[in-house]
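Structural description and commentary
Here is how the chains run, residue by residue.
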Amino acid sequence: MRSAFLIMALLLSSQAYAATPSALLKQYELQAKQENAAFAGFSAAKGERFFHAERLHSDGKKVSCATCHTADPRNPGKTRASKVIDAMAVNVNPQRLSDEAKVEKWFGRNCKDVLERHCTAQEKGDFISYLLSIK
Amino acid sequence: MKKWLQFLVVMTSITATSALLASGGFSDNGARQMPAVANAKWKAECSGCHMLYHPGLLPERSWHKMMAGLDKHFGENASLDQATRDEIAKFLALNSADKQDNRRSNRINQSIPAATTPLRISETRYFTSKHDEIAASTFKRKSIGSAANCAACHQAAEKGDFSESQIKIPR
């Protein structure tokens, strides 16, 4: 019977977890408090600056989140392999920020791609607050 | 425990049968185009950055090598959790060019020297021979990007259909 439970657990864990943006924010808030005792909330304005901040990658190219997602998150973006990326702003694209595993996967990839490190919970929360603030 | 085992056996055989059906089974002998294939994880995970490449476009050893190096995938990090990676790798292997029996996959496979393991379809001899009349500058057009963007010119590329009636080169 034990192994049956194990199999069930495996089946379940491979499913995508649904989430809402506010549930995501709550989680990042918990993490941010652990990372920084002086955590003072998330800021959409900081998230906006983070999104646009250009950085010189070690490969010599300038990159930012806006490189692929464009300067306006209400607009569709484009990957390096020329595929259209649907808009990031939740008001324009309600599919966004609705799947925790997907959000974490892309933060993982894109933060490394742009910053060459993981994003902090503070940065993730600021960024999500920015996306939610766009009307 | 017995019931669980039965359940598992039934589930496994259903998955195996549908995989066989999806791969075209044995009925597709010498078909012109590649057969329809489907796997939800493959579709979700391998279409985020570019079009979905049909597994019949590369031999098993190419997919195997690609899936073993997703953290350094053409300059990007496309890594996946182990279970998802394994499932997709299995699906690609099962439907790869050397496991297919359609003319297109056969020719792609034959154009690749046995000692090489290309990661790009666009670098196989089959590809270059079919596209030798297209200028490098055409592939670089904003509307196309690179030779890897098959779907820019082949309207039904994601279905594995590269027939001439489905080609339109964008300006």
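Let me sum up the structure you'll find in this document. (Residues numbered from 1 in each chain as written. Chains lettered and ligands numbered in written order. Predicted model: local features only at pLDDT ≥ 70, side-chain atom pairs only at ≥ 80, totals over all residues. Heavy atoms only, no water.)

1. Observations regarding the nonpolar core
Applicable threshold: By nonpolar core is meant a set of buried Ala, Val, Leu, Ile, Met, Phe, Trp, Tyr and Cys residues that side-chain atoms within 4.5 Å join together. Each residue's exposure class comes from its accessible area (1.4 Å probe, protein chains only) as a fraction of the maximum for that residue type: buried when under 20%, exposed when over 50%, partly exposed otherwise. Secondary structure elements are taken from DSSP: a helix is a run of H or I of four residues or more, a strand is a run of E of two residues or more, and numbering for both begins at the N terminus. A contact between two residues is defined here by any heavy atoms of the two lying within 4.5 Å.
Core analysis: the biggest nonpolar cluster contains 27 residues, and Trp42, Tyr53, Leu57, Ile88 and Leu92 of chain B have the highest contact counts within it. Among the elements that line this core, the one with the most residues is helix α4 (residues 82–94) of chain B, at four residues. Ignoring anything within four residues of it in the chain, the contact list for Tyr53 of chain B reads Trp42, Trp63, Ile121, Ala148 and Cys150 of chain B. Ala89, Val103, Val114 and Phe127 of chain A belong to the second largest nonpolar core, which has 24 residues in total.

2. Here we look at the environment of Thr138 of chain B
Residues and elements named next belong to chain B. Within the fold, Thr138 resides in helix α7 (residues 136–139). Owing to a relative accessible area of 12%, Thr138 belongs among the buried residues under this scheme. When the C-alpha positions of Thr138 and Pro170 are compared, they lie 9.1 Å apart, and in sequence the two are 32 residues distant. Setting aside residues no more than four positions away along its own chain, Thr138 makes contact with Ile144 and Ile169.

3. What to know about the pattern of salt bridges
Operational definition: The working definition used for a salt bridge is a side-chain nitrogen of Lys or Arg within 4 Å of a carboxyl oxygen of Asp or Glu.
Throughout the structure, instances matching the rule amount to 13 salt bridges over all chains. In this structure, Lys33 of chain A engages Glu29 of chain A in a salt bridge whose closest nitrogen and oxygen atoms are separated by 3.1 Å. You can see Lys33 of chain A and its partner Glu29 of chain A sitting in helix α2 (residues 21–35), four residues apart, about one turn around the helix. Given a relative accessible area of 45%, Lys33 of chain A falls into the partly exposed group. Several salt bridges converge on common partners, so that one network encompasses Arg80 and Asp113 of chain A together with Glu76 of chain B.

4. Focus on the packing of aromatic side chains
Residues and elements named next belong to chain A. What counts here: Here a pair means two rings of Phe, Tyr or Trp (six-membered ring of Trp) with centres within 6.5 Å. Their orientation is stacked below 30 degrees between planes, edge-to-face above 60, and tilted elsewhere. Either the NZ atom of lysine or the CZ atom of arginine qualifies as a charge over a ring when it sits within 6 Å of the ring centre and within 35 degrees of the ring normal.
Here the structure, examined in full by the defined rule, presents eight aromatic pairs over all chains. Relative to Phe127, the ring of Phe51 lies with its centre 6.0 Å away and its plane at 20°, an arrangement referred to as stacked. Taken together, the positions of Phe51 in helix α3 (residues 44–52) and Phe127 in helix α6 (residues 121–133) put the pair 76 residues apart, joining distant regions of the chain. With a relative accessible area of 0%, Phe51 lands in the buried category. Between Phe107 and Phe127, the aromatic rings sit 5.8 Å apart at their centres with planes inclined by 75°, giving edge-to-face as the arrangement. Remark: Phe127 occurs in helix α6 and Phe107 occurs in helix α5 (residues 100–115); sequence separation between them is 20 residues. Note on Phe127: relative accessible area 7%, which makes it buried. The ring of Trp106 carries the charged tip of Arg109 above its face, separated from the ring centre by 4.6 Å.

5. A word on unusual backbone geometry
Residue and element names in this part refer to chain A. Of note in the backbone geometry, Ser82 takes a positive phi value of approximately 65° without being a glycine. Structurally, Ser82 can be placed in the loop between β3 (77–78) and β4 (84–85). With a phi angle near 60°, Glu116 is a residue other than glycine that sits in the positive phi range. Relative accessible area serves as the criterion here: at 34%, Glu116 is assigned to the partly exposed category.

6. Concerning the state of the cysteines
Put plainly, two cysteines are in a disulfide when a covalent bond ties their sulfur atoms together. Quick reminder of the rule: When the sulfur atoms of two cysteines come within 2.5 Å, that pair is taken as a disulfide.
Using the criterion set out here, one finds one disulfide over all chains in the structure. One disulfide in the model links Cys111 of chain A with Cys119 of chain A; its S-S distance is 2.0 Å. Judged by the sign of its S-S torsion, about -100°, the cystine formed by Cys111 of chain A and Cys119 of chain A is left-handed. For Cys119 of chain A, a relative accessible area of 9% gives the class buried. With no disulfide of its own, Cys49 of chain B lies 8.2 Å from the sulfur of Cys68 of chain A, the closest cysteine sulfur.

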